[in-house]
Amino acid sequence: MSTPTKVAVVYYSSTGTIAEVAREIAQYAEKAGAEVRLLKAAELAPQAAIDSNPAWAANAAATADVPHATPADIEWADAVVFGSPTRFGNIASQLKQFIDTLGGLWAQGKLADKVYSGFTSSATAHGGQESTLLALYNSFHHFGGIVVAPGYTDPAKFADGNPYGTSHVDAQGNNPVDDTTRAAARVQAERIVKIASALKAGLAAA
């Protein structure tokens, strides 16, 4: 019997939107048959900055039990889904810091031949969502990874409108994660598990 496809969902979230999307993707990947690790990037901001924003402090408390991602988690995974809010059209420094710790695995070729994908959020419509995902995907090309975007492979993707990955406009916390975003997360998670499982089976048979 084949082993389940292993998926690591690694995210950074300040006020909680990305944390919620990460949970959606993790849950849908599990429903698709994957073994999933939900993990977060370590916080770099000072506690005073976190405490100054009630939503940031609340999310930090609510996700205190989520393990911090390590390079070993990436080595373990067949597929890795990274999530980050948009920061000036790029990923947050906290997630970038974690990615920068993967140099040892990269040098050994241990990041290659895995499936990678991403998700994001922004305060405003458009707001750098696509550029953030494309910037994230640059790293995957350096890894020798297989980038699996959701594309327009399901009618639900025409509602959320982002072929690069799941994205959400939170309007500074005024727009909670909705059914459109949840549907996009489902499409992305199912596609990641499908392609990663096929790739894993093909590599095993090679």
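Predicted model, so just to flag it, every value in this text is computed and none were measured.

Student: Hey, could you go over the overall build of the chain for me, with residue numbers and the actual values?
Tutor: Each helix and strand counted, the chain has nine helices and six strands in total. Against the compact-globule benchmark of 17 Å for 206 residues, the chain has a radius of gyration of 16 Å, which places it among compact chains. Taken over the C-alpha atoms alone, the chain extends approximately 55 × 40 × 30 Å along its principal axes. Here the chain holds 206 residues, and 46% of them are scored as buried. For the chain, the computed accessible surface area is about 9600 Å², with 55% contributed by carbon and sulfur atoms. When the 15 basic and 19 acidic side-chain charges of the chain are each reduced to a single mean position, those positions are 5 Å apart.

Student: Got a sec to walk through helix α9 (residues 179-205)? Specific residues and values, please.
Tutor: Counted at 1.5 Å a residue, the expected span for α9 with its 27 residues is 39 Å, and the 39 Å between its end C-alpha atoms agrees. All of the buried residues in α9 are Thr181, Ala184, Ala185, Val187, Gln188, Ala189, Ile192, Val193 and Ala196. Its buried side turned inward, α9 meets β1 (6-11), α1 (17-31), β3 (79-85), β4 (115-122), α8 (157-160) and β6 (166-169).

Student: Can you tell me about the nonpolar core, naming the residues and giving the values?
Tutor: Residues Val10, Ile74, Val80, Phe82, Leu95 and Phe98 are the most contacted members of the largest nonpolar core, which totals 27 residues. Mapped by element, the contributors of at least two residues to this core are β1, α4 (71-76), β3, α5 (93-100) and α7 (129-143). Broken down by element, this core gets its largest block of residues, five residues, from α7. The next biggest cluster of nonpolar side chains, apart from the first, holds 25 residues, and it includes Ile18, Val21, Ala26 and Val193.

Student: Which residues make up the side chain of serine 117, and what values go with them?
Tutor: Tracing the sequence through the fold places serine 117 in strand β4. Polar side-chain contacts of serine 117 include one of 2.6 Å to the backbone oxygen of valine 148. Apart from the residues within four sequence positions on either side, serine 117 is in contact with Val80, Val81, Phe82, Tyr137, Phe140, Val148, Ala149, Gln188 and Ile192.

Student: Run through the layout of surface pockets, naming residues and quoting values.
Tutor: Of the volumes computed, that of the largest pocket is approximately 430 Å³. In terms of lining, the largest pocket is formed by 20 residues, of which the most central are Ser14, Thr15, Arg87, Asp170 and Gln172. If you list the elements that add at least two residues to the lining of the largest pocket, you get α1, α3 (54-62) and β4. Residues of the lining of the largest pocket, tallied by class, amount to six nonpolar, twelve polar and two charged.

Student: Quick one: what's the story with the pattern of salt bridges, residue by residue and with numbers?
Tutor: Applying the stated rule across the entire model yields nine salt bridges. Salt-bridge contacts for aspartate 78 lead to lysine 200; the nearest nitrogen and oxygen are separated by 3.3 Å. You can see aspartate 78 sitting in the loop between α4 and β3 and its partner lysine 200 sitting in helix α9, a full 122 residues away along the chain. Looking at aspartate 78, the relative accessible area reads 18%, which means it is buried. With a relative accessible area of 23%, lysine 200 lands in the partly exposed category. Residues arginine 186 and aspartate 154 are paired through a salt bridge, measuring 3.8 Å at the closest nitrogen-oxygen approach.

Student: Quick rundown of the packing of α1 against α9? Include the residues and the values.
Tutor: One way to put it is that α1 packs onto α9 with a least axis distance of 8 Å and a crossing angle of 45 degrees. As judged from the angle between their axes, α1 and α9 are oblique. As for the relative orientation of α1 and α9, their crossing is right-handed in sense. Across the interface between the two elements, Glu20, Val21, Glu24, Ile25, Tyr28 and Ala29 of α1 pack against Thr181, Arg182, Ala185, Arg186, Gln188, Ala189 and Val193 of α9. Tallied by class, residues from the contact of α1 with α9 come to seven nonpolar, two polar and four charged.

Student: Mind laying out the side chain of lysine 157, listing which residues take part and the relevant values?
Tutor: With respect to the element layout, lysine 157 can be found in helix α8. Not counting residues up to four positions away in its chain, the partners in contact with lysine 157 are Pro150, Gly151, Tyr152, Asn162, Pro163, Gly165, Thr166, Ala184 and Val187.

Analysis parameters
Just so you know, the residues in each chain are numbered from 1, in the order the chain's sequence is written. Totals for whole chains, interfaces and linings use every residue, but because this is a predicted model, local features are given only for residues with pLDDT of at least 70 and side-chain atom pairs only at 80 or more, for both listing and counting. Hydrogens and water molecules were not included; the side-chain quantities draw on all heavy atoms of the structure. Only DSSP runs of H or I with at least four residues qualify as helices, and only runs of E with at least two residues qualify as strands; both kinds are numbered from the N terminus onward. As defined in this context, the radius of gyration uses C-alpha atoms, and a globule is described by 2.2 Å times the residue total to the power 0.38. A simple rule labels every residue: compare its accessible area, found with a 1.4 Å probe on the protein chains alone, to the largest value its type can have, and call it buried under 20%, exposed over 50%, or partly exposed in between. Using a 1.4 Å probe, the Shrake-Rupley method yields the accessible areas, and only the shown protein chains count as cover for residues. Counting rule for charge: Lys and Arg are taken as positive, Asp and Glu as negative, and neither His nor the chain ends is counted. Charge coordinates come from a single atom per side chain, which is NZ of Lys, CZ of Arg, CG of Asp or CD of Glu. What a helix is expected to span follows from its residue count: subtract one and scale by 1.5 Å. Whether two residues are in contact is decided by their heavy atoms, any of which lying within 4.5 Å being enough. Working definition of a nonpolar core: buried Ala, Val, Leu, Ile, Met, Phe, Trp, Tyr and Cys residues. They are joined through side-chain atoms within 4.5 Å. Residues adjacent in sequence count toward polar contacts only when both atoms are side-chain atoms; beyond that, a polar contact is any pair of N or O atoms within 3.5 Å, and within protein one must be able to donate a hydrogen and the other to accept it. Lining residues are defined by having an atom within 4 Å of a point belonging to a cavity or pocket. Those points lie on a 1 Å grid over the protein atoms alone, cavities being sets where a 1.4 Å probe fits but cannot get out and pockets being open sets with protein on both sides within 12 Å along at least five of seven lines. Grid points are joined across faces, edges and corners, and a volume is the space filled by probe spheres set on the points. Under the convention adopted here, Pro, Cys and the residues Ala, Val, Leu, Ile, Met, Phe, Trp and Tyr are nonpolar, Asp, Glu, Lys and Arg are charged, and Gly plus all remaining residues are polar. A carboxyl oxygen of Asp or Glu within 4 Å of a side-chain nitrogen of Lys or Arg is what we treat as a salt bridge. Throughout, an axis means a line fitted to C-alpha atoms (over the contacting stretch in the case of helices), and angles, computed between N-to-C directions, take values from 0 to 180 degrees. With respect to orientation, any angle under 35 degrees is reported as roughly parallel, any angle over 145 as roughly antiparallel, any angle of 65 to 115 as roughly perpendicular, and every other angle as oblique. Should the near helix be turned anticlockwise from the far one by less than a right angle, the crossing is left-handed, and should it be turned clockwise, the crossing is right-handed.

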